[in-house]
Structure formats: C-alpha cells, structure tokens
Protein chains: 2
Amino acid sequence: MENNIEMFKNKIRRIPDWPKKGIIFLDITPLLNDEKCFQEIINILYERYKDKKINKVVGIESRGFIIGSALAYKLSAGFVPIRKFGKLPWKKITEEYELEYGKDKIEMHKDAISENDNVILIDDLIATGGTAKAAANLIKKLGGKIIECCFLIELKSLSGRKVLEENGYKVFSLIQE
Amino acid sequence: MENNIEMFKNKIRRIPDWPKKGIIFLDITPLLNDEKCFQEIINILYERYKDKKINKVVGIESRGFIIGSALAYKLSAGFVPIRKFGKLPWKKITEEYELEYGKDKIEMHKDAISENDNVILIDDLIATGGTAKAAANLIKKLGGKIIECCFLIELKSLSGRKVLEENGYKVFSLIQE
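Quick caveat: nothing in here was measured; it's all calculated off a predicted structure.

Caption draft 1: Structural detail: the environment of Asp 104 of chain A. Residues and elements named next belong to chain A. Within the secondary structure, Asp 104 sits in strand β6 (residues 103-109). Separated by 26 residues in the primary sequence, Asp 104 and Gly 130 have C-alpha atoms spaced 9.9 Å apart. Not counting the four nearest positions on each side in its chain, Asp 104 is found in contact with Glu 95, Glu 96, Tyr 97 and Leu 99.

Caption draft 2: Inspection of the sheet that holds strand β9 (residues 171-176) of chain B at higher detail. Residues and elements named next belong to chain B. Across the sheet, which stays open at both edges, the seven strands sit in the order β5-β6-β4-β3-β7-β8-β9 with mixed pairing between neighbours. Edge strands, defined here as strands with exactly one partner in the open sheet, are β5 (92-98) and β9. Sheet twist, expressed as the mean angle between neighbouring strand axes with direction ignored, is 20 degrees. Taken together, the five bridges between strand β8 (residues 145-154) and β9 define a ladder with parallel strand orientation. Its bridge partner lying in β9, Cys 150 is registered against Phe 172. Strands β3 (56-60), β4 (78-84), β5, β6 (103-109), β7 (118-126) and β8 of the sheet are contacted by helix α5 (residues 130-141), whose axis makes an angle of about 155 degrees with β5.

Caption draft 3: The interface of chain B and chain A, seen in detail. Listed per partner, the contact involves 40 residues of chain B and 40 residues of chain A. Ranking the residues of chain B by area buried against chain A places Asn 33, Tyr 73 and Pro 89 of chain B at the top, with a combined share of 22%. The tally of links from chain B across to chain A stands at two salt bridges. Here Arg 13 of chain A and Asp 111 of chain B are joined by a salt bridge, their closest N and O atoms 2.6 Å apart. In this assembly, chain B and chain A are joined by 21 residue pairs in polar contact (both at pLDDT 80 or more). Elements supplying a minimum of two residues to the side of chain B that touches chain A: β1 (13-16), β2 (24-27), α2 (29-33), α3 (35-49), α4 (63-74) and β4 of chain B. Here the side of chain B that touches chain A takes eight residues from α4 of chain B, the largest share from any one element. Considering only residue class, the side of chain B that touches chain A consists of 19 nonpolar, ten polar and eleven charged.

Caption draft 4: Geometry of helix α4 (residues 63-74) of chain A. Residue and element names in this part refer to chain A. For α4, which comprises twelve residues, the first-to-last C-alpha distance of 18 Å matches the rise-based estimate of 16 Å (1.5 Å per residue) to within 8%. A large share of α4 lies buried, amounting to ten of its twelve residues. Downstream of α4 by one or two residues, Ser 76 has phi in the positive range, about 55 degrees.

Caption draft 5: Representation of the pairing of β4 of chain B. All names here are of chain B. The buried fraction of β4 is high, at six of seven residues. Across five bridges, the pairing between β3 and β4 is parallel. In the sheet register, Val 58 faces β4, and the bridge partner there is Val 80. You can see the chain leave β3, run along α4 and come back into β4, and the turn it takes is right-handed. The pairing of β4 with β6 spans two bridges and is classified as antiparallel. Looking at the pairing, Lys 84 lines up with Ile 106 of β6.

Each value, and the rule that gives it
Residues numbered from 1 in each chain as written. Chains lettered and ligands numbered in written order. Predicted model: local features only at pLDDT ≥ 70, side-chain atom pairs only at ≥ 80, totals over all residues. Heavy atoms only, no water. Helix = DSSP H or I, 4+ residues; strand = E, 2+ residues; numbered from the N terminus. Contact = heavy atoms within 4.5 Å. Pairing = 2+ DSSP bridges. Axes fitted to C-alpha atoms, helices over the stretch in contact; angles between N-to-C directions. Buried area = accessible area lost by both parts, 1.4 Å probe. Salt bridge = Lys/Arg side-chain N within 4 Å of Asp/Glu carboxyl O. Polar contact = N/O pair within 3.5 Å; in protein donor to acceptor, adjacent residues only side chain to side chain. Nonpolar A, V, L, I, M, F, W, Y, C, P; charged D, E, K, R; others polar. Expected span 1.5 Å × (residues − 1). Buried < 20%, exposed > 50% of the residue type's maximum accessible area, 1.4 Å probe, protein only. Right-handed = clockwise from strand over helix to strand, strands pointing away.

Written out as structure tokens, the structure is:
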C-alpha cells in the first residue's frame, strides 16, 4: 500500500496558479487515466468498506462522481449524485456553504437516501471541508448513516478533517498533502 | 436482457417541462440509485466490450462520468473526462458544437489519449448527437481508435445516431425512446 501511495502521488499533476494566482491545483486526471492506478485506488477503497454493508455511495459533483461510481459498482451499492444548485430535476433538499468570498449551494434528490441506509460520502479532495460538511448534512437530513467521508486527497493544512470530525463524521483520505 | 431493459425503463423518471417548457426530461438518478439496475447496466456493457482490448473509457461531463468510470474500472481501462469549456486545468484541445440557440465547447487534456488507444466514448443520453460528435472528434484528433460510442438512452426521433454514423463512428444504446 505504501508503494501504491507513492505511485499515486507521482501521477498527480501540479498546476501552478490555477484556477487563480497563488494556488497550486492538484490535477488527478493522469491518475484516473492510468489503468493500474485507477484499479488500485478502487480496490483499496473496496477492501476498506466491503464488510460495512454499504448500500449507497454518494459522490459530489463532478470529480466525486468518478471515484464514487466505480466504488459503488464494486460494492454492489447504489450511486447517488450530489449536484451543484439547479442541476437536479426533481424534488430536492439543499444545503448552503461558505466560500472564500460568498456562498454556494449543493443539492440531493429527496428520495436518494432512505432511513438507515449505510452511506459512504466521496469526493476527490478535502480542503476546508465546507462542501463535504454540507454534503454530509444532506445525507443526515434524509436519515442516512454516514459510515465514513472518503477523499482521494486531503490538504492537511486546511483542516477540513477537523470540521467533519467536530460534526461527528468519520474521515478517511488515501493521500495526504 | 429484454427483462432488464424493461426494469431499467421503469426506473427512469420523466420530468415534464424541465429544464424548460415542452421538454420531458429523463431523470436517470433512480436507475443509478437502484443497486441491482446499476450492476446490471455495467455488466451488460462489460460483456459487450470485454474482448475489444479497450484501454480508455471516455466519459462526457457529468452524467457520462458516472457510467464511464464504473465501466472503465470493470474493463481495467483508464478513465478520461471530457469537460465543459474552462474546467480542465492543463494543456487541452477544444471542439465547438451547435446548440438550439448558439454554440458551446467541450475540452479534453492533450495527453488523455495516445495514438491507437482503443476507446469507448460514453454519455448517459444521445439526442441530436452534437455533443457526442464533438467528443468523438476530440478523441480522433489525438489518434484514438473509437471502438464504439455508447449511450444509456437514445432519443430516436432526434436522429443523433445518424450524425455519428455519417461521420464513421459506431453507435450503441441500451435503451431506446
């Protein structure tokens, strides 16, 4: 597993000044593109959750869809998308969260989660944890049990883990930066 | 397989007047949410492509990511996202396509496909075929061999299949409407 993490890290492309000056963006497309890495990532997550009776994997738009749906398939679970405001067509619940400047909203369909579903929440990256906390709250509102919030990459200096843990959610990240 | 298709159709939710008046939107979230349907869809596509030496599955943002990534995983292939204009952070190629009113653009990273990669292109739905043709052109520009363009749902009256076939691409759809 240690060797795998190094292999994954080497496949993450660092893009300076994107999406704006001063930020180094972590581009995971080379990691997804590499069939060996992609297999290994899903297999590691599958091993972690296979005995947890997971029946829903929830992915946050849009990179969370990529990891989340492959894992849902492997776990024989259903896949649930959490989308940006205004994208889902049916009855939905909404959560607001803070951005650096201003606010944003995410949504989930009202019938996406049933009472006592065992849920994994997935996104590609956790930074300040604002989006993830809003997403976890959506699942909780519908009565889902969040077994763990799972991220491919955790930016440790931004303390998103703390925000989730203080709200009672378990956190796992594959790669720490 | 016939029985499965009926089961899939029953899980598609029809939303009248969305995203605008006069359109009946086909909401696939209940289909993805149902673990049995989601398994079956990916398994059927896997059986179709397992002997084709597929090494890349390309999904179109964002519902194409959901079907595409699970299939990529099952086929032991890499996953490639095609994204809306301005979303990808690195060097990219761009294709423009016509909308009902105006134009739009999609993009793919320049290193996403290698010469002679065997590629499946995936989206959730084909309507007029404009987006799919632009996506297929991106793959072709980088030298990829498109084994097939694959859709969960085909809106037959809008003739998107014809647009792709006239340009030399093979088309498969699981559900026809």
